[in-house]
Amino acid sequence: MRDRLALGCQLTGMVLIMNLYKNFVALNVDTLAGRLKDLAVLQDQVGADHKAWRVREVGDGNLNLVFIVQGPNGAAVVKQALPYVRLVGDSWPLPLKRSFFEYHALTRQSKRDFGMTPKIFSFDEKQAMIVMEFLTPHIILRKALIDGREIPELPNKLGCFLARTLFRGSDLCMDTKLRKADLALFSDNVALCDITESLVFSDPYYNSKLNRHTSPQLDEIVAQLRADRDLKVAAQRLKHIFANMPETLIHGDLHTGSIMVTDHDVRVIDPEFAFYGPMAFDVGMLLANFWMSYFSQRGHDGATPRNSMRSYLLKTIVEIWDHFRNEFSKLWHIERTGILYQRQLFEDQNDALGSAQALDQFLHGIWVDMLGFAGVEIHRRILGLAHNADFELIADPDVRAACETKALKLGRHLAVNRAQIQSMADINALAERLEKEIVS
Ligand code: SR1
Ligand code: MG
């Protein structure tokens, strides 16, 4: 009986979703202006005469369409989800509802750390389409790092973004009724969680069909990692935490391709993977991408080796973590208004030491899990389906494999030994030793 009821509810849900998206049609460069010509916000940004609009499709991510619309008044971005994974094709269907989660995550992140996300002009749920600010002259952070550009603002902006969004979306701060309602809202982002659960935590560690790696150069280390029992257990423990720790609203895909920069500005984009998960996931994924950038620099060395870029990247990792800790601690003291670690138990009883002890313990938990998440993120970008340009753009497969091997070793250390790792200085010292190793 209960099974039939559950099936009934599931079918009703599917019918509602099919109805919601029944008029969905993907945009293209030829149809966009005609279809969106009456959208007031777009007219405001771009110009009233849609015949003067120029439209380019620039999506280089794995999932969506991204258009830049330019006209006499200025420009805007139109982002539309597709009902499948763009990277793979229509053999891998993916719910359009991810656009709804992206929109709701952006509105929350913008309140929690104002100015760090693009401005949103409109959201059309039925067309899974968000119209947002065209960020210029911003470029994707990953590209800036591949080009060897040092961006001074990163540590402060990213450390604070992590602390503010993660703290303010949790039961440390939010009204718990609102948080639980939000938890329910985002709990339907199942398909995107499933991508992470498979692609990050499982596929890299067995011979999954979707995997690929630089072969034959990496074959030996890949076989070793897939036979590494401690590593597999660590990855599954991390998956357990990811799937079962709805601590706060996380971005869910916070890599250097989800950040846009100029020399003076930093913006976080693309939170379609948002859901209530562990704080440490966003922190770990972000830092992992800086470590990967570090190991990839050798493949982008020009006539002058990129020593200063390498030092900059390690310093940036240390500083992001420091800014995150400092900002999180500040919020702990002034915005701890939620149901967790209430002031009544500590400060109000003159027990500031108790509050400090709880904060230390909380941050230590994030530290340990963050290192593990960083380790598996590194592995999946080298062994799984979704690689990153930092390594992919290294044309010589021997050089690429050497860079990747070093990153894989650091990833293994982070995932397996995370509870014993004492400091960023220790990790970066290991990274420097690995970087200098000759890989044959
Ligand atoms: C099938 S999607 C592959 C990857 O692209 C996204 O950016 C996420 O990182 C995801 O894991
Ligand atoms: Mg993305």
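None of the values given here were measured: they were computed from a predicted structure.

Asker: Give me the lowdown on the nonpolar core, citing residues and values where you can.
Answerer: Counting 90 residues, the largest nonpolar core has L158, F290, W291, F324, F328 and L410 as the members making the most contacts within it. Counting residues in each nonpolar core, the second largest holds 16 residues, with L27, L36, L65 and A76 among its members.

Asker: Give a description of the packing of aromatic side chains that names residues and reports values.
Answerer: Using the criterion set out here, one finds 19 aromatic pairs in the structure. The interplanar angle of 75° and the centroid separation of 6.0 Å between the aromatic rings of F201 and F373 together place this pair among those described as edge-to-face. Of the two residues, F201 sits in the loop between α8 (190-199) and α9 (219-226) while F373 sits in helix α13 (residues 352-383), which places them 172 residues apart along the sequence. Under the relative-accessibility criterion, F373 is labelled buried at 1%. Taken together, the ring pairs connect F167, W321, F324, F328, W332, Y341, F362 and W367 into an aromatic cluster. Here the basic side chain of K97 rests over the ring of F100, its NZ or CZ set 5.1 Å away from the ring centre.

Asker: Which residues make up the site of ligand 1, and what values go with them?
Answerer: Residues in contact with ligand 1 amount to 13 residues; listed here are only the nearest, N62, D253, F273, R380 and R381. With respect to ligand 1, the side chain of N62 contributes an N or O atom lying 2.7 Å from an oxygen atom. Separating an oxygen atom of ligand 1 from a side-chain N or O atom of D253 is a distance of 2.7 Å. Listed by contribution, the elements that provide at least two residues to the shell around ligand 1 are α8 and α13.

Asker: Talk me through the sheet that holds strand β3 (residues 75-80); I want residue IDs and the actual numbers.
Answerer: Here we have 5 strands laid out as an open sheet, ordered β1-β2-β3-β7-β6, and antiparallel in their pairing. The open sheet has two edge strands, β1 (54-57) and β6 (120-124), and neither has a second partner. If you compare each strand with its neighbour and ignore which way they point, the axes differ by 20° on average. Two strands pair when backbone bridges link them, and β3 and strand β7 (residues 129-133) are joined in this way by 5 bridges, in the antiparallel orientation. From the neighbouring strand, V78 faces β7, where its bridge partner is V131.

Asker: Before we move on, can you summarise the domain arrangement of the chain with the specific residues and values?
Answerer: Interface size, as often reported, equals the accessible area lost upon joining of the parts. Domain assignment breaks the chain into domain 1 (2-133) and domain 2 (139-436). Computed over C-alpha atoms, the centres of domain 1 and domain 2 are 27 Å apart. Counting residues at the interface gives 26 residues for domain 1 and 32 residues for domain 2. Across the domain 1 to domain 2 interface the summed buried area is about 2500 Å²; carbon plus sulfur atoms make up 64%. Where domain 1 touches domain 2, the interface holds 6 salt bridges. Close ionic contact of R164 with D113 constitutes a salt bridge, the shortest N to O distance being 2.9 Å. At the boundary of domain 1 with domain 2, the tally comes to 12 residue pairs in polar contact (both at pLDDT 80 or more).

Asker: With reference to specific residues and values, describe the pairing of β7.
Answerer: For β7, a buried count of 5 out of 5 residues is recorded, marking the element as mostly surrounded by other parts of the structure. Across 4 bridges, β6 lies against β7 in antiparallel orientation. Directly across from S122, in β7, lies its bridge partner V131. The turn linking β6 back onto β7 is made up of 4 residues, and A128 within it adopts a positive phi angle of 45°.

Asker: Give me the lowdown on the pairing of β3, citing residues and values where you can.
Answerer: Among the 6 residues in β3, 6 count as buried, and that is most of the element. Burial of the side chains of β3 extends over both faces: A75, V77 and K79 are buried on one face and A76, V78 and Q80 on the other. Across 6 bridges, the pairing between strand β2 (residues 65-70) and β3 is antiparallel. The partner of F67 across the bridge, within β3, is V78. Where β2 folds back onto β3 in an antiparallel hairpin, the turn is made up of 4 residues, including G74, whose phi is positive at roughly 155°.

Asker: How would you summarise the environment of L238 if you had to cite specific residues and measurements?
Answerer: Within the secondary structure, L238 sits in helix α10 (residues 229-244). Its relative accessible area of 0% is what places L238 among the buried residues. Sequence separation of L238 and V376 is 138 residues, and the distance between their C-alpha atoms is 8.6 Å. With residues near it in sequence (within four places) discarded, L238 still touches F201, D369, G372, F373, V376 and R418.

Asker: So what about helix α11 (residues 279-296)? Which residues, and what values?
Answerer: Between the first and last C-alpha of α11 there are 27 Å, a value that for 18 residues agrees with the 26 Å anticipated at 1.5 Å per step. Judged by how many residues are buried, α11 sits mostly within the fold: 18 of 18 residues are covered.

Conventions we followed
Residues numbered from 1 in each chain as written. Chains lettered and ligands numbered in written order. Predicted model: local features only at pLDDT ≥ 70, side-chain atom pairs only at ≥ 80, totals over all residues. Heavy atoms only, no water. Core = buried A, V, L, I, M, F, W, Y, C linked by side-chain atoms within 4.5 Å. Buried < 20%, exposed > 50% of the residue type's maximum accessible area, 1.4 Å probe, protein only. Phe/Tyr/Trp six-rings, centres within 6.5 Å; stacked < 30°, edge-to-face > 60°. Helix = DSSP H or I, 4+ residues; strand = E, 2+ residues; numbered from the N terminus. Lys NZ or Arg CZ within 6 Å of the ring centre and 35° of its normal. Near = heavy atom within 4 Å. Polar contact = N/O pair within 3.5 Å; in protein donor to acceptor, adjacent residues only side chain to side chain. Pairing = 2+ DSSP bridges. Axes fitted to C-alpha atoms, helices over the stretch in contact; angles between N-to-C directions. Domains from an automatic or database assignment. Contact = heavy atoms within 4.5 Å. Buried area = accessible area lost by both parts, 1.4 Å probe. Salt bridge = Lys/Arg side-chain N within 4 Å of Asp/Glu carboxyl O. Expected span 1.5 Å × (residues − 1).

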